[in-house]
Protein chains: 2
Amino acid sequence: MTEGWERRLREHGFRITPQRQLVLEAVESLRHGTPEEILVEVQLTASGVNLSTIYRTLEVLEEVGLVTHAHIGHGPPTYHAVDEDIHIHLVCDRCGTVQSVPATVATEFVAQLEGGYGFRTDIAHVSVHGMCASCKDRDFESEADDPL
Amino acid sequence: MTEGWERRLREHGFRITPQRQLVLEAVESLRHGTPEEILVEVQLTASGVNLSTIYRTLEVLEEVGLVTHAHIGHGPPTYHAVDEDIHIHLVCDRCGTVQSVPATVATEFVAQLEGGYGFRTDIAHVSVHGMCASCKDRDFESEADDPL
DNA sequence: TGGTTGCTGCGAATCATTCGCAGCAACGGG
DNA sequence: CCCGTTGCTGCGAATGATTCGCAGCAACCA
Ligand SMILES: [Mn+2]
Ligand SMILES: [Mn+2]
Ligand SMILES: [Zn+2]
Ligand SMILES: [Zn+2]
């Protein structure tokens, strides 16, 4: 459990509740979790918790800096604890696989956007889309096979 | 109107319809358009066209390579004609402004992902999120002002 | 310990997108 | 040019994710 989570909430004027503790624990134990997945995890301990509470709680936890979210593919966002290693998701639009790579691969890119446009990039917020290595290979094969 | 759009559709086994022509024209004249916005534009000419047709048509036009889409912020995707200059959207998560920058700023980053992971990045598919220059400045000010 | 007021559960509303289906129309063959 | 096949379309309903409104409960402070 993240050290000082109660203080963090209180400092921002929020109350400490069992629901908030459970949601934070769930985000930390699942390492990537959508609101629905977090609900299921929370309900293992407290079956009465409602999905709308999950949404509201994640919003609060994000506001006080205890969790962040990232967008992988189209579906719902996935939540992470802030203490995790920051990583970028590479999403293959062909086969749907998701690969995590260290955020440091983008250091130069981030610096360029900061230098050129004064833009402070949150590189992990959205995924990078494209085609993975194996789909690329499969593409070459079929091109070679195709007459014309 | 994109040259050869009819051939493009026929080559993939699709029929030529007024709706498809109108949607393509709408995407080209609006330069960024959500399905709803495209509907409105199309209905200026043909008021009977239905939203579900817009969705189905965009899917087809994308499949044959006449349009692409990008995700800006959370809402619905925005469609572009393929002949447009490729640009990246920088979205400020603080104030919501969207700035377009040439995709070439990412050349090195894209090369790094290709070299290191064999991943072929479609850099314009999703936006880069973060904080714009003016929001950054405003942040510094308030920090300076704040007693504590 | 009690009052204030923030939080929660619940059900309904909203928003974007997708589906099912019956009728229409594009287009290739005759 | 005309017909039959079958892809496309409009329409209304279904779906999935997220948000709202509200009444009752509970965290917290005095
Ligand atoms: Mn987001
Ligand atoms: Mn997309
Ligand atoms: Zn792939
Ligand atoms: Zn901004």
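Within every chain, residues take consecutive numbers counted from 1 along the sequence as written. Following the order in which they are written, the chains are lettered starting with A and the ligands numbered starting with 1. Whole-chain, interface and lining totals are the exception, using all residues; otherwise, since this is a predicted model, local features are given only for residues with pLDDT of at least 70 and side-chain atom pairs are given and counted only at 80 or more. The side-chain values count all of the structure's non-hydrogen atoms but skip hydrogen atoms and water molecules.

Draft legend 1. Spatial organisation of the protein's contact with DNA strand D. Within the structure, DNA strand D sits among 20 residues, and I16(A), Y55(A), Q19(B), T53(B) and R56(B) are positioned closest to it. Identification of polar contacts relies on pairs of N or O atoms within 3.5 Å, with a donor-acceptor requirement for protein atoms, meaning one able to donate a hydrogen and the other able to accept it, and with residues adjacent in sequence counted only if both atoms are side-chain atoms. Contacts to DNA strand D include R20(B), whose side-chain N or O atom sits 3.0 Å from a phosphate oxygen. The helix and strand labels rest on DSSP assignments: H or I over at least four residues marks a helix, E over at least two residues marks a strand, and numbering proceeds from the N terminus. Listing elements by their share of the surface near DNA strand D, those giving two or more residues are α4 (51-63) of chain A together with α2 (18-29) and α4 (51-63) of chain B. For the surface near DNA strand D, the element with the highest residue contribution is α4(A), accounting for 4 residues. Of the residues that constitute the surface near DNA strand D, the class distribution is 7 nonpolar, 7 polar and 6 charged. Only a single heavy atom is needed: when it lies within 4 Å of a molecule or strand, its residue is near that molecule or strand. Residue polarity follows a fixed list, in which Ala, Val, Leu, Ile, Met, Phe, Trp, Tyr, Cys and Pro are nonpolar, Asp, Glu, Lys and Arg are charged, and the others, Gly among them, are polar.

Draft legend 2. Representation of the coordination of the zinc ion (ligand 3). All names here are of chain A. Think of the donor list as every N, O and S atom within 2.8 Å of the metal, or within 3.2 Å for Na, K and Ca; water never makes the list, so a site can look incomplete. Looking at the zinc ion (ligand 3), one finds its protein donor set to be C92 (SG), C95 (SG), C132 (SG) and C135 (SG), positioned 2.2 to 2.5 Å from the metal centre. For a four-donor site, all angles between 85 and 135 degrees give tetrahedral; for four or six donors, opposite pairs above 155 degrees with the remaining angles between 65 and 115 give square planar or octahedral; all remaining cases count as irregular. Coordination at the zinc ion (ligand 3) comes from 4 donor atoms whose angles at the metal span 103 to 118 degrees, giving a geometry best classed as tetrahedral. Of note, the zinc ion (ligand 3) draws all its donor residues from one chain, in the sequence arrangement C-x2-C-x36-C-x2-C. Summary of the burial criterion: residues with accessible area below 20% of their type's maximum are buried, those above 50% are exposed, and those between are partly exposed, where the area comes from a 1.4 Å probe applied to protein chains only. Judged by relative accessible area, C95 falls into the partly exposed class, the value being 39%.

Draft legend 3. Expanded view of the protein's contact with DNA strand C. In the neighbourhood of DNA strand C, 20 residues make up the surrounding shell, with T17(A), T53(A), R56(A), I16(B) and Y55(B) lying closest. For DNA strand C, a phosphate oxygen lies 2.9 Å from a polar atom in the side chain of T17(A). Among the secondary structure elements, those contributing two or more residues to the surface near DNA strand C are α2 (18-29) and α4 of chain A together with α4 of chain B.

Draft legend 4. Just the coordination of the manganese ion (ligand 2), in detail. The protein atoms that coordinate the manganese ion (ligand 2) are H74(A) (NE2), H69(B) (NE2), H71(B) (NE2) and H125(B) (NE2), at distances spanning 2.1 to 2.2 Å. Placement of the pair is H74(A) in the loop between β1 (67-70) and β2 (78-81) and H71(B) in the loop between β1 (67-70) and β2 (78-81), with the two residues belonging to separate chains. Looking at H71(B), the relative accessible area reads 17%, which means it is buried.

Draft legend 5. View of the sheet that holds strand β6 (residues 128-131) of chain A. A pair of strands is treated as paired once DSSP finds two or more bridges between them. Strands sit in the order β4(A)-β3(A)-β6(A)-β5(B) across an open sheet of 4 strands; the sheet is mixed. The open sheet has two free edges, formed respectively by β4 (98-102) of chain A together with β5 (120-121) of chain B, since each of these has just one partner strand. In the sheet, strand β3 (residues 87-92) of chain A pairs with β4(A) via 5 bridges, with the strands oriented antiparallel. Directly across from I88(A), in β4(A), lies its bridge partner V101(A).

Draft legend 6. How the structure looks around the domain arrangement of chain A. Residues and elements named next belong to chain A. Start and end points for every domain follow an automatic or database-based domain assignment. One can read the domain layout of chain A as domain 1 (1-83) and domain 2 (85-148). Contact criterion: two residues are considered in contact whenever any of their non-hydrogen atoms come within 4.5 Å of each other. Between domain 1 and domain 2, the residue contacts involve 8 residues of the former and 10 residues of the latter. In this description, buried area is defined as the sum, over both parts, of the accessible area (probe of 1.4 Å) that is lost when the two are combined. Between domain 1 and domain 2, the buried area comes to about 660 Å², and carbon and sulfur atoms account for 55% of it. It is H71, I72 and G73 in domain 1 that bury the most area against domain 2; as a group they hold 51% of the surface buried on that side. Between Lys or Arg on one side and Asp or Glu on the other, a salt bridge is scored when a side-chain nitrogen of the former is within 4 Å of a carboxyl oxygen of the latter. In this structure, the connection of domain 1 to domain 2 is made through 0 salt bridges. Taken together, domain 1 and domain 2 are joined by 5 residue pairs in polar contact (both at pLDDT 80 or more).

Draft legend 7. Fine view of the pairing of β2(B). Residue and element names in this part refer to chain B. The alternating pattern of β2 places T78 and H80 on one face and Y79 and A81 on the opposite face, and all of these are buried. For β1 and β2, the ladder comprises 4 bridges, and the chain directions are antiparallel. In the sheet register, H69 faces β2, and the bridge partner there is Y79.

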